[in-house]
Every structure is written in C-alpha cells, then in structure tokens.
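Notes for the structure review
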Amino acid sequence: MSDSPIPLSPLCQLPSGGTGRVCKLTGDESFCQRVREMGFGEAALVTKISGTTTSLCLVNGTRIALNHRAAMSILVEALPAGAR
C-alpha cells in the first residue's frame, strides 16, 4: 500500500484568495500553542486574504495578520477553489 503524502506548503505561499487546511505547526511549543489559541489548529480552514511580508488571513470568521516567520511555520494543504 503506497500512499503518497499530502503536499504541504507554508501558509505564506498560498495565493491571495486561496484556502488551505492547516496540517502541521512547526516551531517551539509555546508558538504552536499560541497559534492554536488564535484558531490555526490542525484541520482548521484558513483563507489568505492578502500579503507577502505580512499575511492577512481569515480563520474561523476572524481576520488575523501574521508576520512572515509565523506564516512560514504554519503548513497547509492547499484546497481547490470553492472548497470549504
């Protein structure tokens, strides 16, 4: 049985308007706990509204801005357009 792994990319690499499912958080435990509290827990759906250096995202109905380093530490599976 050979399952191919889901391709993951950092949140900052999602295109503007793109939606992804959070699959993995990297970084120290306090960072991971903080972003989970903000709504970026594993399996959460996040839409990147805009940004490159700072990413403006929509998660659980709330707009949240993340710096580039934080957005690099949130790995998402990109979802097809219109998926929710």
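In what follows, the structure referred to is the one given above.
Described in the following lines is the structure provided in the data block. (Residues numbered from 1 in each chain as written. Predicted model: local features only at pLDDT ≥ 70, side-chain atom pairs only at ≥ 80, totals over all residues. Heavy atoms only, no water.)

What to know about the pattern of salt bridges
In this structure the tally under the stated criterion is three salt bridges. Of the charged contacts, one joins Arg 36 and Glu 29 as a salt bridge, the two residues approaching to 3.6 Å between their closest N and O atoms. What emerges from the salt-bridge pattern is a single network uniting Glu 29, Arg 36 and Glu 42. (Salt bridge = Lys/Arg side-chain N within 4 Å of Asp/Glu carboxyl O.)

Remarks on the pairing of strand β4 (residues 54-59)
Of the two faces of β4, the one lined by Ser 55, Cys 57 and Val 59 is fully buried and the one lined by Thr 54, Leu 56 and Leu 58 carries no buried residue. With four bridges joining them, strand β3 (residues 45-50) and β4 adopt antiparallel strand pairing. What sits directly across from Ser 50, in β4, is Leu 56. Between β3 and β4, which pair antiparallel one after the other, the connecting turn spans three residues, and Gly 51 there sits at a positive phi close to 110°. (Buried < 20%, exposed > 50% of the residue type's maximum accessible area, 1.4 Å probe, protein only. Helix = DSSP H or I, 4+ residues; strand = E, 2+ residues; numbered from the N terminus. Pairing = 2+ DSSP bridges.)

Brief notes about the environment of Leu 79
You can see Leu 79 is positioned in the segment after β6 (74-78). With a relative accessible area of 16%, Leu 79 lands in the buried category. Placed 60 residues apart in sequence, Leu 79 and Thr 19 show a C-alpha to C-alpha distance of 5.7 Å. Beyond its immediate sequence surroundings of up to four residues, Leu 79 is in contact with Thr 19, Gly 20, Arg 21 and Leu 45. (Contact = heavy atoms within 4.5 Å.)

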